[in-house]
Amino acid sequence: MKYLTEYRNLEATQKVLEQIQKAVTRPWNIMEICGGQTHSLVRNGLLDLLPEGIQMIHGPGCPVCVTPMELIDLAVTLMERGVILCSFGDMVRVPGSGLSLQEAKSKGGDLRILYSPLEAVRIARENPEREVVFFAVGFETTAPANALSVLQAEKEGLSNYSILVSHVLVPPAMEGILGDPFCAIDGFLGAGHVCAIMGYSQYHPIAAKYKIPIVITGFEPLDLAEGIYKAVLQLEKGEYRVENQYKRAVTEAGNLAAQKVIHQVFEIGDRQWRGIGSIPNSGYVLRPQYRGYDAAERFQLEEKGDTENGECMAGAILTGQKKPHECPHFGKKCTPRNPLGAPMVSSEGACAAYYHFASTT
Amino acid sequence: MSPKPNLPDSIQLAHGSGGLMTRELLDEIVFTTFKNPYLEQKHDGAIVPLTGPVVISTDSFVVSPIFFRGGDIGELAVNGTVNDVAMCGGIPRYLSLGFIIEEGLLTTDFLKIVESIKRAADAAGVQVVTGDTKVVESGKGDKIFINTTGIGSPHPNGQIAMERIAEGDQILVSGPIAAHGMAILSEREGLEFESEIQSDTTNLNHLVDDLLKAFGGAIHLFRDPTRGGVSGVCSEIAQDSGRGVLLRETDFPIHHQVAAACEILGLDPLYVANEGILCAVVDGAVAPEVLAFMQAHPKGSGSACIGSIVPDHPGKVVMESSIGGKRIVTPLIGEQLPRIC
């Protein structure tokens, strides 16, 4: 597969790993933002191949993990009210305070697992007598398609389509982490796919303000090795700037057409992050003229407040303060089958990555 | 239009009533297709010749869609059970066949499925000797469900047992992985994508028979990696034998299109279902010979060695990645779900 196999190449990756080894003179803590990067690091066994001093800290970039539990509860309520709830597959096993979406389905709820929100618009078109809601979660990567679904529903005059929005943004989360006085992160691997949409100009001020290197990085093992190498070189030289490792997908300006669609439908607003709390201006909400497509308003859903399971240390995991295996419940009371929190279920959650792929010894 | 003048266009509740319409359906489609002396006994069951120990396996088939690229539910229902008997080191001989039909199924579709069952049974060399037909109300089923039970005798050369797995054994697969699951997924509502991926559904009993004739006791275990995929089988091997399994990611045979579809959908091919390949754990000393034999066999041309039984990490499956790293392979928990981004 072009653009994949060459980035999973043994010799090329080993060469970069040797370069990292040569460049490192002291320990560095590097955070990969995106859960997809975490999984690739663990799945490919890359963590064990890095020089000892390089500590990878797993970041908050798992959209499923940071979606507040109360949103899942609201989605379950919608299913109980007879709505066709459409969702990405990742969300369906995440525990709510009562049921997960999957459990609500087994009790008779109508849940459709989709790859694209435009499919949900089709379902709305084909079921004019039913209300159809798409569970619009994710970072900047899923925002364009979710926004497009609203525009498409508007264009078709569909009155039975709405979205339950829980969109979050990467830069405010990075600032949240960096603003913590105990933050021990020396450098970032930026989330490649988020930057493919948004570009990376908004990261320059963060690199400058916090004097921290940010390397926009892809997801294959060679990408990650290169991203780490670039970060290490900057750190060793005392530099801090934004670099782009993922040139085959990311430009400085990003995907302007996608950004236009996002800004047409959404505006910046405060967001709750599961396990982290409220971060100002950290997400998207529907613009006033599209509020008619807001499922929470349409169904007058009341948020019940945070009902998080106290045993789950998702916040510490998501901000990189703890590694999954440092949680006393990891692999014992908390498994993908009986998760205490979202990072154990999501395909991008750090706990799930460690549970499925790590600890070969 | 109905393919048979005495039958309506679609299956009705009365076709499962046990009365005249059931009789018509069976006579027109089932008995005429499977015609054999055991069915003609017209007992409530069948009396069949079989001596010594019996190998028996049962399976139910609920696949949706019922027709897919590379096969249909009928063919699957035969191959699935035939293969389960074969994986025990058995020679499958007879099949029972139970239908649960949702009213409204087109009679032409039912006929197509029955004919497909007949073709698959003939290819595998098994006879359908008894059966049952029930019809449920519209909305209470999903077009058609099929249950088959296979009966046969143990192969005289077979010594298939988990306890026989030993350090140094090699793990072989008889063809490219993940084709069936991806063929089905590519036709599911909401996930349709254009591809030419075909299900790999086929019988494996002849391959098993030929392998046992040629290598007998050197073959320690057969498993077909259906639901749960190759990772499921390897996890079973590690857990049940208490030995370590080491797999090499780059040695897995996989069709280009299947690999690409898995990438796009964010699925791991190790967990995707297969319906026409087997995993064999064989004595390391003869493994190269067994592999060459499989590759020369019509049902095993895509065979490859994917790993081995090792003294390290007992009870666990470890995979060497393409970049030389290692990771643990866990069995599938719940359904494999598509990723968000």
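Model, not experiment: these values are computed from the prediction.

A. Seen up close, the domain arrangement of chain A. Residues and elements named next belong to chain A. Assigned domains of chain A: these are domain 1 (5-62 + 179-244), domain 2 (65-169 + 254-298) and domain 3 (314-357). For domain 1 and domain 2, the distance between their C-alpha centroids amounts to 31 Å. Between domain 1 and domain 2, the buried area comes to about 940 Å², and carbon and sulfur atoms account for 72% of it. Looking only at domain 1, the three residues that lose the most surface to domain 2 are C62, I197 and M198, adding up to 58% of its buried area. Where domain 1 touches domain 2, the interface holds zero salt bridges. Linking domain 1 with domain 2 are six residue pairs in polar contact (both at pLDDT 80 or more), by the criterion used here. Looking at the side of domain 1 that touches domain 2, the elements with two or more residues in it are β2 (54-61) and α9 (192-198). With six residues, α9 is the largest single contributor of residues to the side of domain 1 that touches domain 2. Counted by class, the side of domain 1 that touches domain 2 contains seven nonpolar, three polar and no charged residues.

B. Here's a closer look at the interface of chain B and chain A. At the junction of the two partners, chain B supplies 31 residues and chain A supplies 43 residues. The contact between chain B and chain A buries some 3100 Å² in all, and 58% of this surface belongs to carbon and sulfur atoms. Applying the counting criterion to the chain B and chain A interface returns three salt bridges. When the shortest N-O distance is used, the salt bridge between D268(B) and R43(A) registers 2.8 Å.

C. Focus on the domain arrangement of chain B. Residue and element names in this part refer to chain B. Segmenting chain B into domains produces domain 1 (13-154) and domain 2 (162-329). Relative placement of domain 1 and domain 2: their C-alpha centres are 28 Å apart. Tallying the contact residues gives 21 residues for domain 1 and 25 residues for domain 2. Area buried by domain 1 at its contact with domain 2 is led by R69, N83 and M87, which between them contribute 38% of it. Between the two partners, domain 1 and domain 2, sit one salt bridge. The partner of E187 in a salt bridge is R69, and the shortest N-O contact between them spans 3.9 Å.

D. View of the packing of aromatic side chains. Inspection of every chain in the model, using the stated rule, returns nine aromatic pairs over all chains. Judged by centre distance (6.0 Å) and plane angle (70°), the rings of F219(A) and Y246(A) are edge-to-face. Residue F219(A) is located in the loop between β8 (214-217) and α11 (221-237), and its partner Y246(A) is located in the loop between β9 (242-244) and α12 (256-265); the two are separated by 27 residues in the primary sequence. Exposure remark for F219(A): the relative accessible area of 13% places this residue in the buried category. Judged by centre distance (5.0 Å) and plane angle (75°), the rings of F99(B) and F110(B) are edge-to-face. Residue F99(B) is located in strand β4 (residues 90-102), and its partner F110(B) is located in helix α4 (residues 107-124); the two are separated by eleven residues in the primary sequence. The side chain of R26(A) reaches across the aromatic face of W28(A), ending 3.8 Å from its centre.

E. Spatial organisation of the packing of helix α6 (residues 117-126) of chain A against helix α7 (residues 143-156) of chain A. Residue and element names in this part refer to chain A. Following both chains from N to C, one finds α6 and α7 inclined at 25°, their axes separated by 8 Å at the closest point. On the basis of their axis angle, the class for α6 and α7 is roughly parallel. With respect to the hand of their crossing, α6 and α7 are arranged in right-handed fashion. Across from P117, L118, V121 and R125 in α6, the residues of α7 making contact are A145, N146, L148, S149, Q152, A153 and E156. Partitioning the contact of α6 with α7 into residue classes produces six nonpolar, three polar and two charged.

F. Spatial organisation of the pattern of salt bridges. This model, assessed by the stated rule, comprises 29 salt bridges over all chains. In this structure, R298(A) and E131(A) form a salt bridge, with 3.0 Å as the shortest nitrogen-oxygen distance. In this pair, R298(A) sits in helix α13 (residues 295-298) while E131(A) sits in the loop between α6 and β5 (132-138), placing the two residues 167 residues apart along the sequence. With a closest N to O distance of 2.9 Å, E137(B) and K140(B) form a salt bridge. When its relative accessible area of 40% is taken as the criterion, E137(B) is described as partly exposed. In this structure K140(B) comes out as exposed when scored by relative accessible area, which is 59%.

G. Representation of the packing of helix α2 (residues 35-43) of chain A against helix α15 (residues 350-357) of chain A. Residue and element names in this part refer to chain A. The N-to-C vectors of α2 and α15 enclose an angle of 15°; their axes lie 9 Å apart at closest approach. Between α2 and α15, the interaxial angle falls into the category roughly parallel. Crossing hand, α2 versus α15: right-handed. Between α2 and α15, the residues in contact are T38, H39, V42 and R43 and A350, A352, A353, Y354 and F357, respectively. Along the lines of polarity and charge, the residues of the contact of α2 with α15 split into six nonpolar, two polar and one charged.

H. Fine view of the nonpolar core. In terms of nonpolar packing, the biggest core is built from 105 residues, with L101(A), L164(A), Y203(A), I214(A) and F266(A) touching the most fellow members. Aside from chain neighbours lying at most four places away, what touches F266(A) is A143(A), N146(A), A147(A), I163(A), V165(A), H167(A), Y284(A), V285(A), L286(A) and R287(A). C234(B), F252(B), L267(B) and V329(B) belong to the second largest nonpolar core, which has 36 residues in total.

I. The sheet that holds strand β1 (residues 55-61) of chain B, seen in detail. All names here are of chain B. Strand order in this open sheet of four strands is β1-β6-β4-β5, and the pairing throughout is mixed. At either margin of the open sheet sits one strand with a lone partner, and together these are β1 and β5 (127-136). Each strand axis lies, on average, 15° off the axis of its neighbour in the sheet, ignoring direction. Note that β4 and β5 share nine bridges and pair parallel. Within β5, the position partnered with L95 by the bridge is V128. Here α4 sits on the sheet and contacts β4, β5 and β6 (144-154); the angle it forms with β4, its principal contact strand, is near 175°.

Conventions used here
- Residues numbered from 1 in each chain as written.
- Chains lettered and ligands numbered in written order.
- Predicted model: local features only at pLDDT ≥ 70, side-chain atom pairs only at ≥ 80, totals over all residues.
- Heavy atoms only, no water.
- Domains from an automatic or database assignment.
- Buried area = accessible area lost by both parts, 1.4 Å probe.
- Salt bridge = Lys/Arg side-chain N within 4 Å of Asp/Glu carboxyl O.
- Polar contact = N/O pair within 3.5 Å; in protein donor to acceptor, adjacent residues only side chain to side chain.
- Helix = DSSP H or I, 4+ residues; strand = E, 2+ residues; numbered from the N terminus.
- Nonpolar A, V, L, I, M, F, W, Y, C, P; charged D, E, K, R; others polar.
- Contact = heavy atoms within 4.5 Å.
- Phe/Tyr/Trp six-rings, centres within 6.5 Å; stacked < 30°, edge-to-face > 60°.
- Buried < 20%, exposed > 50% of the residue type's maximum accessible area, 1.4 Å probe, protein only.
- Lys NZ or Arg CZ within 6 Å of the ring centre and 35° of its normal.
- Axes fitted to C-alpha atoms, helices over the stretch in contact; angles between N-to-C directions.
- Parallel < 35°, antiparallel > 145°, perpendicular 65-115°, else oblique.
- Left-handed = near helix turned anticlockwise from the far one by under 90°.
- Core = buried A, V, L, I, M, F, W, Y, C linked by side-chain atoms within 4.5 Å.
- Pairing = 2+ DSSP bridges.

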